[in-house]
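Residues per chain, in single letters:
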Amino acid sequence: MATHGPHADRPGVYLDAASSEPLLPAARTALLGALDGAWADPARLYGAARGSRLALDRARADVARVLGTRPDEIAFTASGTQAVHLGMLGALGGRRRVGRHLVVSAVEHSSVLHTAERHEADGGEVTVVGADRLGRVDADAFAAALRPDTALACLQSANHEVGTVQPVAEVAAACRAAGVPLLVDAAQSAGRVDVPAGWSLLTASAHKWGGPPGVGVLAVRKGTRWRSPLPDDEREARRVPGFENVPGAVAAAAALTALDAARATEGPRLSALVERIRTEVARTIEDVEVVGDPVARLPHLVTFSCLYVAGEALLTELDRLGFAVSSGSSCTADTLRPSHVLEAMGVLTHGNVRVSLPHGTTAGDVDRFLAVLPGTVTRLRRSAGVGGA
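Residues numbered from 1 in each chain as written. Predicted model: local features only at pLDDT ≥ 70, side-chain atom pairs only at ≥ 80, totals over all residues. Heavy atoms only, no water.

**Student:** How would you sum up the pairing of strand β5 (residues 150-154)? Please name residues and give values.
**Tutor:** Among the five residues of β5, five are classified as buried, and the element is accordingly described as predominantly covered. Two strands pair when backbone bridges link them, and strand β3 (residues 101-105) and β5 are joined in this way by four bridges, in the parallel orientation. Bridge pairing in β5 places Leu102 opposite Leu152. Of the pairings in the sheet, the one linking β5 to strand β6 (residues 182-185) comprises two bridges and is parallel in character. Across the sheet, the residue bridging to Cys154 is Leu183, located in β6. Between the parallel elements β5 and β6, the chain passes through helix α6 (residues 168-178) in a crossover that is right-handed. (Buried < 20%, exposed > 50% of the residue type's maximum accessible area, 1.4 Å probe, protein only. Helix = DSSP H or I, 4+ residues; strand = E, 2+ residues; numbered from the N terminus. Pairing = 2+ DSSP bridges. Right-handed = clockwise from strand over helix to strand, strands pointing away.)

**Student:** Which residues make up the packing of aromatic side chains, and what are the values?
**Tutor:** This structure, assessed with the given rule, holds one aromatic pair. Ring centres 5.8 Å apart and planes at 65° place the aromatic pair Phe323 and Phe369 in the edge-to-face group. Of this pair, Phe323 sits in strand β11 (residues 323-324) while Phe369 is found in helix α11 (residues 363-383), placing the two residues 46 residues apart along the sequence. For Phe323, a relative accessible area of 6% corresponds to the buried category. Classification of Phe369 by relative accessible area gives buried; the value is 0%. Positioned above the aromatic ring of Trp199 is the side chain of Arg221, whose terminal nitrogen or guanidinium carbon lies 3.9 Å from the ring centre. (Phe/Tyr/Trp six-rings, centres within 6.5 Å; stacked < 30°, edge-to-face > 60°. Lys NZ or Arg CZ within 6 Å of the ring centre and 35° of its normal.)

**Student:** Can you lay out the domain arrangement of the protein chain for me, pointing to particular residues and giving the numbers?
**Tutor:** According to the domain assignment, the protein chain consists of domain 1 (13-22 + 263-384) and domain 2 (25-258). Taken together, the contacts link 31 residues of domain 1 with 28 residues of domain 2. Taking both sides of the interface into account, the surface hidden between domain 1 and domain 2 amounts to around 2,400 Å²; carbon and sulfur atoms contribute 51%. When residues of domain 1 are sorted by the area they lose upon contact with domain 2, Arg263, Leu298 and Met345 head the list and together hold 25% of the total. Put simply, domain 1 and domain 2 have three salt bridges between them. A salt bridge links Arg133 to Glu289; its shortest N-O distance comes to 2.9 Å. For the pair domain 1 and domain 2, the interface holds 19 residue pairs in polar contact (both at pLDDT 80 or more). Taken together, the elements giving at least two residues each to the side of domain 1 that touches domain 2 come down to β9 (288-291), β10 (301-306) and α10 (340-345). Looking at side-chain class alone, the side of domain 1 that touches domain 2 contains 15 nonpolar, ten polar and six charged residues. (Domains from an automatic or database assignment. Contact = heavy atoms within 4.5 Å. Buried area = accessible area lost by both parts, 1.4 Å probe. Salt bridge = Lys/Arg side-chain N within 4 Å of Asp/Glu carboxyl O. Polar contact = N/O pair within 3.5 Å; in protein donor to acceptor, adjacent residues only side chain to side chain. Nonpolar A, V, L, I, M, F, W, Y, C, P; charged D, E, K, R; others polar.)

Below, the structure written as C-alpha cells:
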C-alpha cells in the first residue's frame, strides 16, 4: 500500500498501524458528510442542532455495538490518552472511601503508568504486576495483588509494543470476586479482536482503528463508581467537558464499524502475513530475537530485536528505502532509555523494530520488506564494526 504522511510523494510501504492506522475510506466519507451536516451544537433545540444530536447518538450506538456495551455507557474524549486519564482518575476518586490502592501491570501504555505515578505522588499506593518473557501478565499474580483497599485495577487487552494478548477474562473474574473495578485499555485491539468481557471501564482511540485523530472513547459500565476529576460540565454525561467533536465521532464510528465488519477475513489474512515475518526474520537474520507471544497475539503486529544494530539507525535506513516502521523502544537521544515493556519482559531491547500491518496490506508489501531487511541489518552492523552478520 502507498505510504501515507510526510513521504507520500514517493512510493513506499506504510507498516506502522499500531501508531496510527491510515484513515479508512468509510471514515473519510463519514467525516466529510458530517462536516457539512453535523456541525451545529448538539445541545441546542433547533433543526441543525437536532441533526447533530442524532448523528452523535448514532455514532455512540455504533461504537457501543462493536464494543459490546450500552450507548449511554459511551463517552467520546479528545484522545485515547485522555480517556485513560479520565477513566483512572474518575474511578480512583469515586472509590476513595474504599482505599487508595491501585494495581497496574508493568507493560501498560505510558498513559496508564503516568497516571499511576500521579496517583502515587498524591499519596496513593501502587502495585505493579510483572510480565513474562512473552509479555503476558500472570493472572494469579495479578489476583494476588488485589487487596481490600484496592480502588482500581488496570490491564491492557493486548500489548501495544509486542502484540501479546493479556488474560483479561481471568483477571476480570478475580477483580469481580474482590469487588474491584477493572479498567481495560483496548486501544490496540478494538475492532481487530473480540473485546474481552468483565471490564468495568474501557478506553480506546479512534486513530488506532482507522478513524480520525483527536477522538477517544471512555466506556463506564452502569454501577461503576466514577467521579469526574475535572470541574463539572454538562457535556458527554458529565464525563468529558467541552463541545463535542461530532464529525470526529461520526467518522470514528464509521471506521470502527468497517474494520469490525472486515475482521473475519482481514484478521486471518494479516495474521498469516505476520507469521511469515516472524518466520523469515528469524531464518534470514542472525542474532535476532522475535518477541511477544507467537500464538496469543494481535493479528497485525510483530516485533523483533536485532543485536549490534542501533534501532534508530535501522528505522532511518528502512525509511530511506521506503518502509515506514517504528520501534517498540521509546529510546530517544535525550533519554537513552529503552522500552519499559521490553525491559519488563527481560528481552533484547537493542535494535528493536515493530511492524504493524494496516488494513489492506498486501503479500507483496511484506515480501518487499523482507527482501531488503537482511541486507539493511548487515550493512548497519558492518558500519558499526560488527562483521560476519
